[in-house]
Amino acid sequence: MEIFDGIVAQLALALGASWCAGINLYATIAVLGLMAHYVPGFDLPPDLAVLASPWVIVPACFMYCVEFFADKIPAVDSAWDTVHTFIRVPAGAALAAAALGDVPPELQIGAAIIGGTLALGSHTTKATARVAAHGSGTSAVVSPAASLVEDGLVIGTVAMIAANPAIALLLTVLMIIGAGFLMYFLWAIARKVFRTLTGRGTVDAHSLPPPPPPAIPA
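Notes on the structure in this doc start here.

Thresholds, definitions, all that
- Residues numbered from 1 in each chain as written.
- Predicted model: local features only at pLDDT ≥ 70, side-chain atom pairs only at ≥ 80, totals over all residues.
- Heavy atoms only, no water.
- Axes fitted to C-alpha atoms, helices over the stretch in contact; angles between N-to-C directions.
- Helix = DSSP H or I, 4+ residues; strand = E, 2+ residues; numbered from the N terminus.
- Parallel < 35°, antiparallel > 145°, perpendicular 65-115°, else oblique.
- Left-handed = near helix turned anticlockwise from the far one by under 90°.
- Contact = heavy atoms within 4.5 Å.
- Nonpolar A, V, L, I, M, F, W, Y, C, P; charged D, E, K, R; others polar.
- Patch = residues over 30% accessible without salt bridge, like charges linked within 9 Å, V, L, I, M, F, W, Y side chains within 5 Å.
- Areas by Shrake-Rupley, 256 points an atom, 1.4 Å probe, with all protein chains shown as cover.
- Salt bridge = Lys/Arg side-chain N within 4 Å of Asp/Glu carboxyl O.
- Buried < 20%, exposed > 50% of the residue type's maximum accessible area, 1.4 Å probe, protein only.

Here we look at the packing of helix α2 (residues 25-38) against helix α3 (residues 54-70)
Reasoning step 1: Where α2 meets α3, the axes come as close as 8 Å, and the angle between the chain directions of the two elements is 140°. Here α2 is positioned oblique relative to α3, judged by the angle of their axes. Note that α2 runs across α3; the crossing there is left-handed. Between α2 and α3, the residues in contact are Y26, A27, I29, A30, G33, L34 and H37 and V56, I57, A60, C61, M63, Y64 and E67, respectively.
Reasoning step 2: Per-class residue counts for the contact of α2 with α3 are 11 nonpolar, 2 polar and 1 charged.

Here we look at a nonpolar patch on the surface
Reasoning step 1: A cluster of nonpolar residues, I167, L170, L171, V173, L174, I177 and F181, forms a patch on the protein surface that exposes about 630 Å² of accessible area.
Reasoning step 2: Summarising the element assignment, L170 is placed in helix α7 (residues 165-198).

Some remarks on the packing of α3 against helix α4 (residues 74-99)
How two helices sit against one another is set out by the angle between their axes and by the gap between those axes.
Reasoning step 1: Their axes nearest at 10 Å, the elements α3 and α4 cross at an angle of 140°. In this view, α3 runs oblique relative to α4, as classed from their interaxial angle. Where α3 abuts α4, its residues M63, V66, E67 and A70 lie against V76, D77, W80, H84 and R88.
Reasoning step 2: Its residues assigned to classes, the contact of α3 with α4 comprises 5 nonpolar, 1 polar and 3 charged.

A few points about the pattern of salt bridges
Reasoning step 1: Evaluated as defined, the whole model comprises 10 salt bridges.
Reasoning step 2: Close ionic contact of K126 with D71 constitutes a salt bridge, the shortest N to O distance being 3.1 Å. Of this pair, K126 sits in helix α5 (residues 105-136) while D71 sits in the loop between α3 and α4, and the two are 55 residues apart along the sequence.
Reasoning step 3: For K126, a relative accessible area of 5% gives the class buried.
Reasoning step 4: Judged by its relative accessible area of 0%, D71 falls in the buried class.

Shown next, in the form of structure tokens:
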């Protein structure tokens, strides 16, 4: 049973941290580091122990504050997300690889691939949803609200890794499924708008064949 619990804890840390890093990297790092300090019984793997250093926690908290305000401004958050494509994804891969602890290199590489993919998926979902909100004309309301929800999900999921890894893992899986449905929904809307703008999917009345002549009664 202890072995099973250990595996669940490792998976929750590896998958949860990498997925959350794609949404808000600085909140993920800050919460992990603070938990290592203040949550009894929660120990980071040796390769992630550096996150508990004040030299990591303080800059992570500062950058989280910067992102907290940048994410609420529609004119800024898309540019912020674009730049962080090159930060969140590699960080998600590194977190997933380091979360496994002392394992063979091939397992760490596999974890890095999965972690980077998860971080890319959550980052892409976030960025795409924000672009869609900007196009709807409601970004002044939607962007701040979405940002608060994202921050709550990230902080709650990462905190749950220490409190209950199984629930943290379940939350991560549910977020992945939810992101898949959201991307499908946004893709369907984008296709519909594209077809409307380009005239595809509509029938030109002039291209229809002429109706058949009326039947002559016998």
